[in-house]
Amino acid sequence: MHHLRAQLHHHGYLYYTLDAPQIPDAQYDRLFKQLQSLESAHPELITPDSPTQRVGGTVLDAFATVRHRVPMLSIETETDTESSGAQAFDARVRRALGLDDAAPALVYVAELKFDGLAMSLRYEQGVLVQAATRGDGESGEDVTANIRTIGQIPLQLHAGGHGPIPPVLEVRGEVFMRRDDFDALNERQRAKIAAGAKGEKTFVNPRNAAAGAVRQLDSGIAAQRPLSFFAYGLGDVTPVSEGGPQFATHYEMLQAFKAWGFPVADQIACVQGAQGLIGYHQQIAQQRDSLPFDIDGVVYKVNDLALQAQLGFVSRQPRWAVAHKYPAQEELTTVLAIDVQVGRTGKLTPVAKLAPVFVGGVTVTNATLHNEDEARRKDVRVGDTVIVRRAGDVIPEVVSVLLDKRVGDAPQFTMPHSCPVCGSDAVREEGEADYRCTGGLFCSAQRKQAILHFAQRRAVEVEGLGEKLVDQMVDSGVVKTLPDMYRLGFAGLAQLERMADKSAQNIVAALEASKATTLPRFVFGLGIRHVGEATAKELARHFGSLDRIMDANEEALLQVNDVGPVVAHSLRTFFGQAHNREVVAQLRACGLHWPEGEPAAQVAQPLAGLIFVLTGTLPTLSRDQAKDLLEAQGAKVAGSVSKKTSYVVAGAEAGSKLDKARELGVPVLDEDALIKLLATLAETTAPHPGAQTAPESQT
Ligand code: IVH
C-alpha cells in the first residue's frame, strides 16, 4: 500500500501539477483501484494523505472554525493607471526604508493576482492536515475534505526539494477555477437542468463557482467541481532555530514551494524598481485574455525577506506588498431596451441596449444576446440589472440577470416573427438557433450589409465606402442592388445629401479602382452563406474560373479542400437562383474583371496541412501580404496559437501569441526565415516542363 501510494503521488503530480503525465490514464486508474481494494480490506491502514482520499465523500453539518496562527491579511490595492500605481508603491517603500534617490533600485517579485479565494494549507511532518478559508482573517472554516479533492494540491510534501521537510509548514495561495473547466462545468449543469434535475444551477463566473465548491458540505460534490491552486505565501512555519526552512528572498521561497510539490504560476518575475513593475503590469495586461484563468490584477512584493520584516504592517496590511488592479471585465448595468438587428445573411440578433457602463477598458452600450434561446435562457428583460462582460476584443455580452433586483413586470423577450426592418417573414428553420429574415435583398438591412461586405478591404475593396454612405445610398432608394452602385456615377453620388463634390469624386475613383479584382475576392464579396475568405480562395484555386464555380454540381464542389455538404449546398442554392446570377452578370457588365485560369487542381500545394499564425509587425511584409504568400502555397493562417499550430511567424512587438508559441514549443520564424522557406519551396516544387506534379491529395 505504501508503494502504491508513492507511485500514485508521483504520477498524480506529473498529471495535475506539471501537466506532463508519463503513464496512460488507464494505468493510473489500475494502480488506484488496486490501492482502493487493499484499503477496503484493511481500513485501519488508510492514511489521510492517501490519494484515495481525494475522491471525497465526507458530508458535514457545518464547517469547524479554524483560528489562524498567523492572521491572513489582505493587501492594499492600487487601481491607478499602469505607471502611477507602481510608482506610488515604490516611492512609499523607499521612503519607509529611508532610501534616498541615489540609492539603487529595489528588487521586487511581481506576480499575478488570481481571482479566486485565499486558502491556507497546513502540513505537519510533511502531510496535509488542514485546509482553511481566510474568513475574517483571524479565523476561517475548515474545508480540508474539499481541498483534498484538488489534484494539484500535494497531500504530502515532496522530499529532497528545498532542505529537509519542515515539521510545520503553512502554505498560502489561491484556489480558483480555470475558464475551460468553468465552461465545461456550466455545460454539465445546463444538461442536468434540461434533464429536469432539481436544485441545480449554472454559475455566474469562475470565482463564484470556485467559492461554491470550496464551501460544499458534501465533499463528493466538491470533487466534481474542477478546482486549481497556485501557492504565493507563507503562514505558520517552524522557526529556523527549531529546524524550520530558511529563505533569504520571497522568490527563493516560491522556488522551495515548487520543489515541495506546489503549483506556482509561471508568470512570476523578479524586477527592478518602479520601471520593472510598470513593464510587468503592461506585459501581463497584454496576456490577460489568453491566460487560461481569470486575474484581476498583479501583485508586487518586496523580494528581500529581511526588508519585508523591516517594513512590517500598517493598519493590518503589509507595507511590503500591493495589489495593482486592471479594469474589471464584468460590471453591473441596466437594460434600457432589447433591439433586434438584421445581419447580412438575414440573421436576427437580439441586442440589449444598456445604460452606458465602463467595462474591460471601454464604455459599453450594447451587448449581444446571441439568439432567441440564449435570450430566453438568461431571461433578460427591459429594466433588469445585469452583469455585462467584455474581455479583450470579444463582443460584450450579458452574463446574467440579477433576478432579486428585478422591479416592474416587463414581459419575457420574444423574437419577432417578421423582420423589424422590412417586415418580411422571419423564420427559424428546424435545428437552427437563428431566426432569419426571408426578405433577401428586398430587405434594406440585408442590402446594406451585403454592400458593405462586398466593399470591404479583403473583398472587392471600395475605399472610403463606409456605413454612413451605404445607409444614404440605400435609404434614398438610388441603390437597390450591388450593380446599381457602379451605375451611380458622379451625378448620382453628388445628389446625395451632404455629399461634397470632392468626396463624390473620390468614391467614383474608388469604385473604378475596385473593378480590377481577383476571383477569390469577388467570390468572397458575394457574401454567400458559409463561404468565407479561405473557402473562396480554395474555390478559385480549384476551379480557376467563376463560370466553373457557378456551374459546379454538389459532387464537384465536394472535391474542393474544406468544402463539406453544408458549404456545397449553400453554393448550389446561391447560384441556383436566377437573381443572383443576374447580379453577377450585371457586375461583369459594369466592368468588374479578374484574371482567370485553368482548373488548378494540378498545382502543387507544398504547405497544405500546415497552420501558421502571424504576430507582431514584420519588417517588410504587411500581414495581408504574408497571409497571401502562405495561402498561395496551401497553408492555413489562423488567429490564435494552439497545439495544432505548425509555425508562428513573429515580428516586432509580438505579444502573447509568441509567449504561447514558446510555451507550447511551436517553432517560431522571423520574416527572413519565412521568405527563405517560401523560396526553397518554390525551387523544389515549381513544376518544370515535362514533369508531372503530384495531385493535391498527395502533397
Ligand atoms: S499576497 C499578506 N499574492 O488577493 C499578503 N495575494 O488582498 C497576502 N491574491 O485575498 C496576499 N493573488 O487571496 C497575494 N499573488 C498573490 C495573490 C493574492 C491573489 C488575493 C488573496 C487576497 C487578496 C489580497
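A.B. asks: Describe the environment of G199, listing the residues and the values that go with them.
C.D. replies: Inspection of the secondary structure assignment puts G199 in the loop between α5 (179-194) and α6 (206-214). Sequence separation between G199 and V109 is 90 residues, and the spatial gap between their C-alpha atoms is 44 Å.

A.B. asks: Run through unusual backbone geometry, naming residues and quoting values.
C.D. replies: In this structure, D379 is a non-glycine residue whose phi angle is positive, near 50 degrees. Among the secondary structure elements, D379 is positioned in the loop between α11 (372-378) and β17 (385-389). Classification of D379 by relative accessible area gives buried; the value is 17%. Even without a glycine there, the phi angle at D562 is positive, about 70 degrees. Locating D562 in the fold gives a position in the loop between α20 (554-558) and α21 (565-575).

A.B. asks: Describe the sheet that holds strand β7 (residues 168-176), listing the residues and the values that go with them.
C.D. replies: Within the open sheet, the four strands sit side by side as β5-β4-β7-β8. Their pairing is antiparallel. The open sheet terminates on both sides in strands that have one partner only, identified here as β5 (127-133) and β8 (228-237). Going from strand to strand, the sheet's axes swing by 30 degrees on average, the running direction of each strand aside. Sheet topology places β7 next to β8; seven bridges connect them, and they run antiparallel. Each bridged residue has a counterpart across the sheet, and for V171 the counterpart in β8 is L234. Running over the sheet, α6 touches β4 (117-124), β5 and β7 and is turned about 40 degrees from β4. On the sheet, helix α8 (residues 250-259) packs against β7 and β8 and is oriented at approximately 115 degrees with respect to β8.

A.B. asks: Break down the nonpolar core for me, citing the residues and quoting the values.
C.D. replies: Among the nonpolar cores identified, the biggest contains 53 residues, and Y486, F522 and L539 are the most heavily contacted of them. Looking at which element gives the most residues to this core, the answer is α21, with five residues. When near neighbours in sequence (up to four residues on either side) are disregarded, L539 contacts V523, V531, G544, I549, L557, V560, V563 and L571. Listed in part, the 37 residues of the second largest apolar core include A131, L155, M177 and M253.

A.B. asks: Kindly report on the pairing of β4, identifying the contributing residues and their values.
C.D. replies: For β4, the buried fraction is high: seven of the eight residues fall into the buried class. The pairing of β4 with β7 spans eight bridges and is antiparallel. For L121, the partnering residue across the bridge sits in β7 and is V171. Of the pairings in the sheet, the one linking β4 to β5 comprises six bridges and is antiparallel in character. Within β5, the residue paired with R122 across the bridge is Q130.

A.B. asks: With reference to specific residues and values, describe the packing of helix α1 (residues 2-17) against helix α2 (residues 25-41).
C.D. replies: Running from N to C, α1 and α2 cross one another at 145 degrees; their axes reach a closest spacing of 10 Å. Every pair of crossing elements has a handedness; the one defined by α1 and α2 is left-handed. Together, L4, R5, Q7, L8, H11, G12 and Y15 of α1 and D25, Y28, L31, F32, Q34, L35, L38 and E39 of α2 make up the contact between the two elements.

A.B. asks: Kindly report on the site of the ligand, identifying the contributing residues and their values.
C.D. replies: Surveying the vicinity of the ligand reveals 13 residues, the closest of which are I75, E111, L112, E174 and Y232. Contact distances for the ligand include 2.7 Å between a nitrogen atom and a side-chain N or O atom of E111. In this structure, a nitrogen atom belonging to the ligand sits 3.1 Å away from a main-chain N or O atom of F114. Every element with two or more residues in the shell around the ligand is listed here: β3 (107-114) and β10 (295-302). The element contributing the most residues to the shell around the ligand is β3, with four residues.

A.B. asks: Describe the packing of helix α12 (residues 444-455) against helix α13 (residues 467-475), and please don't skip the residues or the numbers.
C.D. replies: Following both chains from N to C, one finds α12 and α13 inclined at 135 degrees, their axes separated by 10 Å at the closest point. On the basis of their axis angle, the class for α12 and α13 is oblique. In the crossing of α12 with α13, the sense of the turn from one axis to the other is right-handed. Residue-level inspection shows S444, R447, K448, I451 and L452 of α12 in contact with α13, the latter providing E467, V470, D471, V474 and D475. In the contact of α12 with α13, the residues fall into four nonpolar, one polar and five charged.

A.B. asks: Can you explain the pattern of salt bridges? Please cite residues and give values.
C.D. replies: Summed over the entire model, instances satisfying the criterion amount to 47 salt bridges. Here R215 makes a salt bridge to E141, at a shortest N to O gap of 2.9 Å. Taken together, the residues span a long stretch of sequence, with R215 in the loop between α6 and α7 (219-222) and E141 in strand β6 (residues 139-141) at a distance of 74 residues. With a relative accessible area of 44%, R215 lands in the partly exposed category. Given the relative accessible area of 22%, E141 is considered partly exposed. Note that E330 and R389 form a salt bridge whose closest N and O atoms lie 3.2 Å from each other. Highlighted residues: E330 in strand β14 (residues 330-342) and R389 in strand β17, separated in sequence by 59 residues. Residue class for E330 comes out partly exposed when judged on its relative accessible area of 21%. Sharing partners across several salt bridges, the network here consists of R457, R458, E533, K537, D624, K627, D628 and E631.

Calculation criteria
Sequence order as written defines the numbering, with residues in each chain counted from 1. Reporting in this predicted model follows two pLDDT cut-offs: at least 70 for local features of residues, and 80 or more for side-chain atom pairs to be given and counted; totals over whole chains, interfaces and linings ignore these cut-offs and use all residues. Each side-chain value is derived from all of the structure's non-hydrogen atoms; neither hydrogens nor water enter the calculation. In this text, helices come from DSSP runs of H or I with a minimum length of four residues, and strands from runs of E with a minimum of two, each type numbered from the N-terminal end. Relative accessibility decides the category of a residue: with a 1.4 Å probe and only protein chains considered, values under 20% of the type maximum give buried, values over 50% give exposed, and everything between is partly exposed. Should DSSP find at least two bridges between two strands, the strands are regarded as paired. Here an angle of 0 to 180 degrees is reported between the N-to-C directions of two axes, which are lines fitted to C-alpha atoms, with helices fitted over the stretch in contact. By definition in these notes, contact holds between two residues if any of their heavy atoms fall within 4.5 Å. Only buried residues count toward a nonpolar core. Its members are Ala, Val, Leu, Ile, Met, Phe, Trp, Tyr and Cys residues joined through side-chain atoms within 4.5 Å. By definition, any crossing whose near helix is turned counterclockwise from its far helix by less than a right angle is left-handed, and any crossing with a clockwise turn is right-handed. Residues are counted as near a molecule or strand when any one of their heavy atoms sits within 4 Å of it. The definition of a polar contact used here is a pair of N or O atoms within 3.5 Å, where within protein one atom must be able to donate a hydrogen and the other to accept one, and adjacent residues in sequence count solely through side-chain atom pairs. Convention used here: angles under 35 degrees read as roughly parallel, angles over 145 as roughly antiparallel, angles from 65 to 115 as roughly perpendicular, and any remaining angle as oblique. Polar here means any residue other than Ala, Val, Leu, Ile, Met, Phe, Trp, Tyr, Cys and Pro, which are nonpolar, and Asp, Glu, Lys and Arg, which are charged; Gly is therefore polar. The working definition used for a salt bridge is a side-chain nitrogen of Lys or Arg within 4 Å of a carboxyl oxygen of Asp or Glu.

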